[in-house]
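Analysis of the macromolecular model
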Amino acid sequence: MKVLVIGSGAREHALCRSMSLDPDVSALHCAPGNAGIAEVAELHAVDALDGAAVAALARKLEADLVVVGPEAPLVAGVSDAVRAAGIPVFGPSGAAAQLEGSKAFAKDVMAGAGVPTARSYVCTTPAEIDEALDAFGAPYVVKDDGLAAGKGVVVTDDVEQARAHGYACDRVVIEEFLDGPEVSLFAITDGETVVPLQPAQDFKRALDGDEGPNTGGMGAYSPLPWADPKLVQEVLDTVLQPTVDEMKKRGTPFSGLLYAGLAITSRGVRVIEFNARFGDPETQVVLARLQTPLAGVLLASANGTLADLEPLRWSDDAAVTVVIASHNYPGTPRTGDPITGLDEVAAQDAPSAYVLHAGTKRDGDGPVLSAGGRVLSVTATGTDLTQARERAYAAVARVRLDGSQHRTDIAAKAASES
């Protein structure tokens, strides 16, 4: 089949890499892509938020499947435009993508589905914000209701910082703090059948020891040796399937990737948030372990035939991703710096370690340059987390980007305990 992937980050590079290895994929395209994706797919210029333009490109390429990667095009209804053109698309409708596009909408769906989540208040005025902060107390959890590229959440003991973030948002969700480790669990669904993937854990804080500001994610690992073996089935039964059923009941069926961000609390599993797309950087480690060819699974979601698929096959290997970020990230990042060492990783570390590009670009035959906050995702596999970590950090050490930063403790605790 001919596949068109929409997006330009490391998530899309991971998707493209997996599909480039799929024997059923005869042609792979990506729009707009990045310098790394260009090595496995043909790139096309397109406004990813323009549904008509994406549909026109898919028609021109005679695509058999369009995969919409990022959240903003999904919320903007790009999948609807592609579906209207009669082309199978992996990704929810604009209405269904409100599960990510609005925290308040997601809370309402969870209430209807009986899904366990944190108690919360939706606030639109300073007085409501102050009241909610007083009701919950520290630590304060303040979430911008809309999309904020992974940086719309503040978790703090400082009431003034919490208040300032709340006041800066048009609409804000303030909720109780959930204790316990966090887990990301993805599921592919066609609106009825739900197929969970393997769980992962990501690292949101910028600095080692979970210090510093929240980011879009500085690394991830899978599997989770400390997690209950029954966790995936429990989340499928209590969170994922009820949510998909509730969305169908409401007349906004959800097909595509449903991502549950979970807290494993002292009172059981609670949903922190839903996303409507593959998570970044968790996708990098989850797909590194998936052995079933990816394109057929995504097409089954688009066509409503997931129930007919064989069970997914997974490697027993562990996977670790370390994000290399620009100087000053998650503030305004410095861009335009040359990146070297990528060829060394390809020559000396592949196939057990490889680099997925996020914020990169290349002008003609010139060097690869940084072009965003999170620049690269260095991903490695190994027989266990210890070996996967060693391979990932050995590859990170070969990459040179002036002023760059990365965490040195991704998966360290889980590796030491497994």
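Each remark here, short or long, concerns the structure printed above.
This section reports on the structure supplied with the text. (Residues numbered from 1 in each chain as written. Predicted model: local features only at pLDDT ≥ 70, side-chain atom pairs only at ≥ 80, totals over all residues. Heavy atoms only, no water.)

1. Some words on the layout of surface pockets
Taken as a whole, the second largest pocket holds about 440 Å³ of empty space. Elements supplying a minimum of two residues to the lining of the second largest pocket: α1 (10-20), β19 (339-340), α12 (342-348) and β20 (353-357). Among the elements that line the lining of the second largest pocket, the one with the most residues is β20, at 5 residues. The residue inventory of the lining of the second largest pocket, partitioned by class, reads 14 nonpolar, 5 polar and 4 charged. (1 Å grid on protein atoms, 1.4 Å probe; cavity = no way out; pocket = protein on both sides within 12 Å on 5 of 7 lines; lining within 4 Å. Points joined across faces, edges and corners; volume = space filled by probe spheres on them. Helix = DSSP H or I, 4+ residues; strand = E, 2+ residues; numbered from the N terminus. Nonpolar A, V, L, I, M, F, W, Y, C, P; charged D, E, K, R; others polar.)

2. Side note on unusual backbone geometry
Residue alanine 31 is joined to proline 32 through a cis peptide bond whose omega torsion reads -5°. Within the secondary structure, proline 32 sits in strand β2 (residues 27-32). For the bond running from alanine 138 to proline 139, omega is -5°, close enough to zero to count as cis. Of note, proline 139 is situated in the loop between α7 (126-136) and β7 (140-144). The phi dihedral of asparagine 328 is positive, around 85°, even though this residue is not glycine. One can find asparagine 328 in the loop between β18 (318-325) and β19.

3. A few points about the pattern of salt bridges
If you walk through the whole model with that rule in mind, you get 25 salt bridges. A salt bridge links arginine 407 to aspartate 210; its shortest N-O distance comes to 3.0 Å. Of the two residues, arginine 407 is situated in the loop between β24 (400-401) and α14 (412-417) and aspartate 210 in the loop between β13 (205-207) and β14 (211-214); the sequence distance between them amounts to 197 residues. Its relative accessible area of 1% is what places arginine 407 among the buried residues. One salt bridge connects arginine 334 with aspartate 402, and the closest N-O pair in it is separated by 2.8 Å. Separated by 68 residues along the polypeptide, arginine 334 in the loop between β18 and β19 and aspartate 402 in the loop between β24 and α14 bring together distant segments of the chain. Connected via shared salt-bridge partners are Arg11, Glu12, Glu71, Glu100 and Arg277. (Salt bridge = Lys/Arg side-chain N within 4 Å of Asp/Glu carboxyl O. Buried < 20%, exposed > 50% of the residue type's maximum accessible area, 1.4 Å probe, protein only.)

Note that all results are geometric; they support no functional claim without further evidence.
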